[in-house]
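Tertiary structure, described
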Amino acid sequence: MKKKVELLAPAGSIESFYAAVNSGSDSVYLGGKLFNARANSQNFDRDEMIHIISYAHNKNVRVYVTLNIVLKDAEIIDALNYAQFLYENDVDAVIVQDLGLLYLLRKFIPALPVNISTQAVVYDTYGVDFFEYYNVNRVIMAREMSFKQLEETAKNTKTKLEVFIHGALCTCYSGQCYMSSFLGGRSGNRGKCAQPCRLSYSFYDKESSQTVDEFGTIPLLSLKDFMAGETITELIESGISTFKIEGRMKGPEYTSAVVEYYRQIIDNYYSGKITDLKDLKERAVSTFSRGYTNSY
């Protein structure tokens, strides 16, 4: 039997953390009070982080902490000190986008496992090979990749690969968006995205010099949410090792319902059983939805 894949759940609050752990996730990802790309979720102070790591490990659940913003020079020392704190308290990995921070972590805390963020924009084997040089734990692939691209990458690398299977999609490439920053001074790459893509905009036709009325109430830039559903079995067979649920800004009801849905799909795959997933799917969909799609 193949080694079982990992189901990774979000935790933006202590309630969501408990929901993730107790609903069947193999691991959780969450952020401290600084340096993470969800500055507006509750996040966790140092005492809470110590408790979370201990509680999760007692349940045989791994904890990954996000250090995934682009850092300013003045923040480097504080970020390294925080990484050292996490290392000393047995965190399973930190999630990193900033290449300078990756270099310094490898130099000063070489034993700390590092997962490369989807915002590092890795699209192929060449990108994975680049990060292999830094002895990373895994690479979280760009969300825009096709199944064939993911399959090809997994086939040609020994590095563990992680993909998103559920939740919000950015209209830009891999979260590399400056719209919120330009419009309101809140940078998504600093963890403060105001999600202006979710708003309604008028659509102006330059040829006719008029606004197109039919687009007046449709959020042109706002994507539906992603829901891989039972098609993640194809990704399991392709060699992807970790399946990630988006949603650190969402509540514990969402976390619990979505984790239970994918837990059952994955367990069915390995047991060979066919279980009716209708009720679990309906519950997962009902907790939060902008409408769902099975592709980017």
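Relevant structure appears above.
Just so you know, the residues in each chain are numbered from 1, in the order the chain's sequence is written. Reporting in this predicted model follows two pLDDT cut-offs: at least 70 for local features of residues, and 80 or more for side-chain atom pairs to be given and counted; totals over whole chains, interfaces and linings ignore these cut-offs and use all residues. For side-chain calculations, the full set of non-hydrogen atoms in the structure is used, while hydrogens and water are omitted.

1. A closer look at the overall build of the protein chain
Broken down by element type, the protein chain carries ten helices and twelve strands. Two things to know: the radius of gyration comes from C-alpha atoms, and the globule rule equals 2.2 Å times the number of residues to the power 0.38. Over its C-alpha trace the protein chain gives a radius of gyration of 19 Å, about what one expects of a compact globule, namely 19 Å for 296 residues. Dimensions of the protein chain, computed from the C-alpha atoms along their principal axes, are close to 60 × 55 × 40 Å. A simple rule labels every residue: compare its accessible area, found with a 1.4 Å probe on the protein chains alone, to the largest value its type can have, and call it buried under 20%, exposed over 50%, or partly exposed in between. Residues counted as buried form 48% of the 296 residues belonging to the protein chain. Helix and strand labels come from DSSP, where a helix needs a run of H or I of at least four residues and a strand needs a run of E of at least two; each type is numbered from the N terminus.

2. Topic: the pattern of salt bridges
Salt bridges are counted wherever a side-chain nitrogen of Lys or Arg sits within 4 Å of a carboxyl oxygen of Asp or Glu. Scanning all chains against the criterion turns up eleven salt bridges. Between Asp-267 and Lys-4 there is a salt bridge whose closest N-O contact spans 3.0 Å. Here Asp-267, found in helix α9 (residues 252-271), pairs with Lys-4, found in the segment before β1 (6-10); they are 263 residues apart in sequence, far enough to count as distant. Taking relative accessible area as the criterion, Asp-267 reaches 25% and is therefore assigned partly exposed.

3. Considerations on the packing of helix α1 (residues 14-23) against helix α2 (residues 46-58)
Relative to each other, α1 and α2 sit at 10°, their axes nearing to 11 Å. As judged from the angle between their axes, α1 and α2 are roughly parallel. Counting all contacts with α1, which are made through Ile-14, Phe-17, Tyr-18, Val-21 and Asn-22, the residues of α2 involved are His-51, Ile-52, Tyr-55 and Ala-56. For this scheme, ten residues count as nonpolar: Ala, Val, Leu, Ile, Met, Phe, Trp, Tyr, Cys and Pro. Four count as charged, namely Asp, Glu, Lys and Arg, and the remainder, Gly too, count as polar. Its residues placed into classes, the contact of α1 with α2 shows seven nonpolar, two polar and no charged. Interaxial angle, 0 to 180 degrees, is taken between N-to-C directions of lines fitted to C-alpha atoms, where a helix line uses only the stretch in contact. Roughly parallel means an angle under 35 degrees; roughly antiparallel, over 145; roughly perpendicular, 65 to 115; everything else is oblique. Here, residues are in contact when the closest pair of their heavy atoms is within 4.5 Å.

4. Considering the layout of surface pockets
What the second largest pocket holds in volume is close to 420 Å³. Buriedness for pockets is judged along seven lines, at least five of which must meet protein on both sides within 12 Å for an open set on the 1 Å grid over protein atoms alone, while cavities are sets there where a 1.4 Å probe fits but cannot get out, and lining residues have an atom within 4 Å of a point. Lining the second largest pocket are 19 residues; nearest its centre among them are Met-145, Leu-150, Phe-226, Leu-235 and Asn-294. Secondary-structure elements contributing two or more residues to the lining of the second largest pocket are α6 (147-155), β7 (160-167) and α8 (232-238). A breakdown of the residues in the lining of the second largest pocket according to their chemical character gives twelve nonpolar, four polar and three charged. Grid points are joined across faces, edges and corners, and a volume is the space filled by probe spheres set on the points.

5. Notes on the environment of Arg-62
Within the element layout of this structure, Arg-62 appears in strand β3 (residues 62-67). In this structure the C-alpha to C-alpha distance between Arg-62 and Val-114, which are 52 residues apart in sequence, comes to 13 Å. The residues contacting Arg-62, other than those within four sequence positions of it, are Glu-6, Asp-26, Ser-27, Val-28 and Asp-92.

6. What to know about the packing of aromatic side chains
Note on aromatic contacts: the rings of Phe and Tyr and the six-membered ring of Trp form a pair at centre separations within 6.5 Å, being stacked when their planes are under 30 degrees apart, edge-to-face when over 60 apart, and tilted otherwise. Going through the model one piece at a time under the given rule, you end up with ten aromatic pairs. Between Tyr-133 and Tyr-134, the ring centres sit 5.1 Å apart and the planes meet at 90°, which makes this aromatic pair edge-to-face. Members of the aromatic cluster, connected to one another through ring pairs, are Phe-130, Phe-131, Tyr-133 and Tyr-134. Any Lys NZ or Arg CZ found within 6 Å of a ring centre and within 35 degrees of that ring's normal is scored as a charge over the ring. Here Arg-143 stacks its cationic end above the ring of Phe-164, 3.7 Å away from the centre of that ring. Lying across the ring of Phe-288, Lys-250 places its NZ or CZ 4.7 Å from the centre.

7. Remarks on the pairing of strand β11 (residues 242-245)
Side-chain positions along a regular strand alternate between the two faces of the sheet. Burial along β11 is two-sided: Thr-242 and Lys-244 facing one way and Phe-243 and Ile-245 facing the other are all buried. Bridge count between β1 and β11: three bridges; the pairing is parallel. Counted as the bridge partner of Glu-6 is Thr-242 from β11. DSSP calls a pair of strands paired once it identifies at least 2 bridges connecting them. By the bridge criterion, four bridges tie β7 to β11 in an arrangement that is parallel. The residue bridging Glu-162 from the neighbouring strand is Thr-242, located in β11.

Shape is all these values report; function is a separate question.
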